[in-house]
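Per-entry structural report
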Amino acid sequence: MSWTLVGQDAAVAVLKGAVANDRVAHAYLFAGPKHVGKTVAALQFAQLLNCTGDEPPCSRCRACERIGGAQHPDVEMMGIGGLCDEQDHKHTPDDSRDIRICQVRRVQHLISRAPYEARYRVIIIEPADALGREATAALLKTLEEPPPYVVFILISDREELLPDTIRSRARRVGFGGAPAALIEQSLRTRWDVEPPRAAELARLSGGRLGWAVAALYDERMMEQREKALNRAEALAAAPLAERFAFAASLGGGYTKDRAGVQATLEVWQEWWRDILLINARREDGAVHRDRLDTLRTLASQCDVAAAVRALRAITDTRQQLAENASPVLALEAMMLALPELRSNAVSQRFAGR
Ligand SMILES: [Zn+2]
Ligand SMILES: [Zn+2]
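These lines cover the structure that appears in this document, whether it is placed above or below. (Residues numbered from 1 in each chain as written. Chains lettered and ligands numbered in written order. Predicted model: local features only at pLDDT ≥ 70, side-chain atom pairs only at ≥ 80, totals over all residues.)

Here the focus is the pairing of strand β1 (residues 27-31). The buried count for β1 comes to five of five residues, which makes it a mostly enclosed element. Of the two faces of β1, the one carrying A27, L29 and A31 and the one carrying Y28 and F30 are both buried. Across five bridges, the pairing between β1 and strand β4 (residues 150-156) is parallel. Bridge pairing in β4 places A31 opposite S156. Both β1 and strand β5 (residues 171-174) contribute to a ladder of four bridges, which runs parallel. Across the sheet, residue F30 finds its bridge partner in β5, namely V173. (Buried ≥ 20, exposed ≤ 12 C-beta atoms within 10 Å, placed from the backbone. Helix = DSSP H or I, 4+ residues; strand = E, 2+ residues; numbered from the N terminus. Pairing = 2+ DSSP bridges.)

We now examine the packing of helix α11 (residues 240-252) against helix α15 (residues 327-337). The interhelical angle for the contact between α11 and α15, taken along N-to-C directions, is 150 degrees, at an axis separation of 8 Å. The angle between the axes of α11 and α15 places the two elements in the roughly antiparallel class. Crossing of α11 against α15: the hand is right-handed. Touching L240, R243, F244, A247, A248, L250, G251 and G252 of α11 are P327, V328, L331, E332 and M335, all from α15. Looking at side-chain class alone, the contact of α11 with α15 contains nine nonpolar, two polar and two charged residues. (Axes fitted to C-alpha atoms, helices over the stretch in contact; angles between N-to-C directions. Parallel < 35°, antiparallel > 145°, perpendicular 65-115°, else oblique. Left-handed = near helix turned anticlockwise from the far one by under 90°. Contact = placed C-beta atoms within 7 Å. Nonpolar A, V, L, I, M, F, W, Y, C, P; charged D, E, K, R; others polar.)

Orientation of helix α4 (residues 101-111) relative to helix α5 (residues 133-144), taken along the N-to-C sense of each, is 20 degrees, at an axis distance of 8 Å. The orientation of α4 relative to α5 falls into the category roughly parallel. In this structure, α4 crosses over α5, and the sense of that crossing is left-handed. Residues I101, Q103, V104, R105 and Q108 of α4 form the contact with α5, whose participating residues are E134, A135, A138, L139 and T142. Here the residues of the contact of α4 with α5 are counted per class, giving five nonpolar, three polar and two charged.

In this chain, P56 is followed by P57 through a cis amide linkage whose omega measures -10 degrees. Tracing the backbone shows P57 in the loop between α2 (38-50) and α3 (62-68). In the segment running from E126 into P127, the intervening peptide bond is cis, with an omega of -5 degrees. A positive phi is found at R281, a non-glycine position, where the angle reads about 60 degrees. Relative to the assigned elements, R281 resides in the loop between α12 (258-279) and α13 (292-299). Not every positive phi belongs to a glycine, and N324 is a case in point at roughly 65 degrees. Checked against the element boundaries, N324 lands in the loop between α14 (304-322) and α15. Given 11 C-beta atoms within a 10 Å radius, N324 is considered exposed.

As a further point, take the environment of N279. Secondary-structure assignment places N279 in helix α12. On the basis of neighbour counts, which here come to 21 C-beta atoms within 10 Å, the residue N279 falls in the buried class. Along the primary structure N279 and L298 are separated by 19 residues, whereas in three dimensions their C-alpha atoms are 10.0 Å apart. Apart from residues lying up to four places away in sequence, N279 is in contact with A299, D303, V304 and A307.

By secondary structure assignment, the location of G260 is in helix α12. Among the residues examined, G260 registers 14 C-beta atoms within 10 Å and is labelled partly exposed. In the structure, G260 is positioned 39 residues away from M221 in sequence and 10.0 Å away in space, judged by C-alpha atoms.

If you trace the backbone, E200 turns up in helix α8 (residues 195-204). In this structure the C-alpha to C-alpha distance between E200 and M334, which are 134 residues apart in sequence, comes to 30 Å.

Turning our attention to the sheet that holds β4. The strand order across the open sheet built from five strands is β2-β3-β4-β1-β5, with neighbouring strands paired in parallel fashion. Of all the strands in the sheet, the pair left with one neighbour each is β2 (75-78) and β5. Along the sheet, successive strands turn relative to each other by an average axial angle of 20 degrees, direction set aside.

As structure tokens, this is what we get:
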């Protein structure tokens, strides 16, 4: 037994039960936040389905090894900018926004033949919410009458964007955040992280082991996070003109770096959630403990309702950006909804920046 997921026992139980009871569905929807293990779970489910070892997924047999290394001919990943069969198409993850119908056609062609060597052909579609309209329609046809040896796994952290027609044909498997203690333990035992750092990363991870592990290997993630937090603090006490100037620069860069802008807004959400927690007298739950002094000062100037409004404004803005609203306009509207706080501590700290 070698599931390497942390804190996803319910999801693992569903998948193991399906195989044990010989009730494998033709399509699954793995739904839940980013970085909690949905992709890892999809690969391990593909291993479970095709493992030839004694204790599936054994991770050591030929099938498990090749699936784990993304080299199995019967396990296919379909994503934004992925492969298609058209000679003159050159879509790449960088210049594409969605999963196209030509990619679905390629998979339809693949699954028209039985697997080369596995029991099941597994098609992993991620992010499933990026399927374009035509691609969705084409996929739907296949989901209505899939060959018996095919299992589709649709992965999404925004399942509400998937059409009902797709959702109703896939069995939903929910993934959630894991308790910080489990993440800390996993970082210490499996990644040999020193205890203080493991505790810090577990706290910052918000229940997402994948985020914590990525932060271990990518120092820029922590730097960008610090930058976003400094910015959140500065803007909370900044006049509207300054907020609009930042909305213009952040929004102007959105088409080049969608993920970066979303990540900044995600950090802001956490930061406002901390303010909310402090105001609701639940400071223990605050994530940014190294910034508590400033957070307390700012929290003392707004009430729970204002913090809730700020949080909702940021959440709505992230959604609008994902739906291709004008980035600058959406961010300006958000800036208007953030309460304007005053803090000597903050204005001194950021004087001259
Ligand atoms: Zn195996
Ligand atoms: Zn194409």
